[in-house]
Every structure is written in C-alpha cells, then in structure tokens.
Amino acid sequence: MKFTSCPEQSSVFLQERSLILSRPCKFAKKSLHFTQLRSGFSHNLNPQISRRFRLRILFNDTVGFSIARTLGYALKLTSLSVLQDQIISCCQCNRLTRWREKVAREKRAAYRDQEYWGRPVPGFGDPRARVLICGLAPAAHGGNRTGRIFTGDRSGDWLYAALFRAGFANQPTSQHRNDGLQLKDCYITSCVRCAPPNNKPTPDERDKCLPYLLKEIAMLQRIRAVVCLGSFAWRVMLRGLRQLKYEVVPTPKFGHGVEAIFGPYYLIGSYHPSQQNTFTGRLTETMLDIVFERAKKMSVSKKT
Ligand code: SF4
C-alpha cells in the first residue's frame, strides 16, 4: 500500500491557520499601546514636529511594528509546520518504518474499513503553549491509525478528558484528525514518532528521534511546564534537556507527581494514562487532574 502525505488534513495545520488569522488584531492592539508610549515620549523632545507629522510617524510605527510582530509569528508557525512535514516523511528507523506500515496494511478487525495513517505522528496543539505534554510513542491502532497523537485509543480518552476538565481542550474527546478538537496553551508530543512493536523502541530508535523533540522544544518558546507521561518520557526528557546543557544533580527519579527544575522548565512526572494504569486504579482521574492543575500553575510561575 502506498501512503501519500496529506498535511492539509492535519488538525494542527488547520489550528495554526486559524491562529494566523486571529493573532494580528491582538498584536496590533498591543503594539499600538507600546508605540503610542514610545512615539509620545520621543516626539515630546522635539516640539518643532507638527501634530500632523507626529500622527503620520505614529501610524507608520504602529503598522510597521504590528506587521513585524505578525510576520515573526507567522514565521514561527511556518518553521513548526516545516518540522512537522520533516517528521511525517521520516524513515530513518527501518524496523519502525516496516512495523508502522505493516500495522496499517493489516489493520485491526474493528477498523477494517478505515484507512490507517501509517506514518510518523507529529506533535499537536497550540504553538503558543506554555504547557508541554510528552508521551512515549503513538499507539499502533491509535495515533498510527488516526494520524494524531493520543487520538482514537483509550489512553487518549483519558488524557483529553482530563485536558478538557483543566481547560486546555475545547472538547473531552479525540476520535479523529478532523473532529474539531483544539488545544489552548497546551502542546502534546512524544519521544518517538512511530508506533513501536510492544510499545518498546530500541535505544537507537529513541536517540534517532530525540532531535525532533529538541527542535520542537526550541520552537515552542513559551513552554515552561513539561508533563512527562510515564518513566520512559521522563528519562528521555532528562536526556534531551541535558543535551540542551541543563543539568540537575542528583538525577530526579521518576514517580507520579515528582517535580524538578531544569533551566527555565518545570518538569512534572505522571503515570501514563494507559489501560494498564487506569484499569488497575494506579492512575485515577483525580490524580491526573492534580498534575494538570500543577502544570497550569507552574507554567505561569515567575520563578523561571
Ligand atoms: S521513530 Fe522518529 S527517527 Fe525513527 S523513523 Fe520514526 S520519525 Fe523517524
């Protein structure tokens, strides 16, 4: 079966497009205020400048500043889109490429009539997010089927319901890429972008995929709180942040609710919302709610 790239169907692209359209007004308002102060101050120094000329400078400053801000934001979105395209077309790991395509060809009986995504799954969410959530990898019949992280499986049901309760999502469910789900102030990603057999990527596969995560972190400049779902994500995040030259000694061990500060980032550990944890009561809804409330609080904390 041949898979073709279709980024225009990805919700993250639709979300980004709507953000591009909605941001300029906000920026224009802010820049107007800023420029009024700036222009008012500097022009006061020269009383010879006519009121009309001052107004013209003010207008040009305001429009110019606003356009610059808007262009800067659009460029940021573009670079995130370019990274997502790179991820979607990646085939660096032979074993994982073969596996994700095999799963997509053979399918689970319940999804026999559906076309699987069968490619690497990029991150999803608000490009201006302050909270980053990191999981292990897409599920074989979840993200690898739907093309969106934590979408179409039981773990996703738990995760998005919690994000909705915390005010990060506009709806409590995540069924498919075009279901209208939008995240606010939150971005979801994973350590490895291809579904691995038995949910176990090899160390080599983990290391090959890590640069994508680090690039994402660099592009999501407002991120402050990072929630790691499971011990694998915790260890990979520590590894990645060390590569970015952030260090904490001694190394904090993973546990539910464990916190650590790495440079500008607050890390919070959480049990993964897998069925293994949610069916057994190891992870309850209340436990997950507390983690996201904590992340929300830390993301706006001034102690960074
Ligand atoms: S796991 Fe990551 S590095 Fe490996 S093929 Fe998938 S996207 Fe590429």
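Details of the structure are given in the entry above.
Here is a short report on the structure shown in this document. Every chain begins its residue count from 1, and numbering advances along the sequence as written. In view of the model being predicted, local features appear only for residues whose pLDDT reaches at least 70, and side-chain atom pairs are presented and counted only at 80 or more, with totals across whole chains, interfaces and linings using the full set of residues.

**Structural notes on the sheet that holds strand 5 (residues 259-262)**
Keep this limit in mind: Think of it this way: DSSP has to see at least two bridges between two strands before they count as a pair. Secondary structure follows DSSP: runs of H or I at least 4 residues long count as helices, runs of E at least 2 residues long count as strands, and numbering of each begins at the N terminus.
Spatially, 6 strands are ordered 1-3-2-4-6-5 in an open sheet, and the strand pairing comes out mixed. Across the chains shown, the open sheet's two edge strands, defined by having one partner strand only, are strand 1 (124-125) and strand 5. Strand direction decides the pairing type here: strand 1 and strand 3 (residues 186-190), joined by 2 bridges, are antiparallel. Across the sheet, residue Phe-124 finds its bridge partner in strand 3, namely Ile-188.

**Regarding the pairing of strand 2 (residues 131-135)**
Defined as follows: For every residue, the other C-beta atoms within 10 Å of its own C-beta are counted; 20 or more classify it as buried, 12 or fewer as exposed, and values in between as partly exposed. C-beta atoms are placed from the backbone.
Of all 5 residues making up strand 2, 5 are buried, and the element is well covered by its neighbours. Of the two faces of strand 2, both are covered, the one formed by Val-131, Ile-133 and Gly-135 as well as the one formed by Leu-132 and Cys-134. Direction of pairing for strand 2 relative to strand 3: parallel, over a ladder of 5 bridges. Looking across to strand 3, one finds that Cys-134 is bridged to Thr-189. The sheet contact formed by strand 2 and strand 4 (residues 225-229) spans 4 bridges and is parallel. Opposite Leu-132, over in strand 4, you have Val-226 as the bridge partner.

**Looking at the site of the ligand**
Keep this limit in mind: Being near a molecule or strand means, for a residue, that its backbone-placed C-beta atom lies within 6 Å of it. Three residue categories are used. Nonpolar comprises Ala, Val, Leu, Ile, Met, Phe, Trp, Tyr, Cys and Pro, charged comprises Asp, Glu, Lys and Arg, and polar comprises the others, including Gly.
Near the ligand lie 14 residues; those nearest to it are Cys-90, Cys-93, Pro-120, Cys-194 and Cys-209. Considering each element in turn, the shell around the ligand owes the most residues, 3 residues, to helix 6 (residues 203-219). The class makeup of the residues in the shell around the ligand is 9 nonpolar, 2 polar and 3 charged.

**What about the environment of Pro-273?**
What counts is decided by this rule: With C-beta atoms placed from the backbone, a contact is any residue pair whose C-beta atoms sit within 7 Å.
Inspection of the secondary structure puts Pro-273 in the loop between strand 6 (265-270) and helix 8 (275-278). Since 26 C-beta atoms lie within 10 Å of it, Pro-273 is described here as buried. It is 7.5 Å that separates the C-alpha atoms of Pro-273 and Leu-229, two residues lying 44 residues apart in sequence. Those residues within four positions of Pro-273 in sequence are excluded, and the remaining contacts are Ser-155, Trp-158, Leu-159, Leu-229, Thr-278, Leu-283 and Leu-288.

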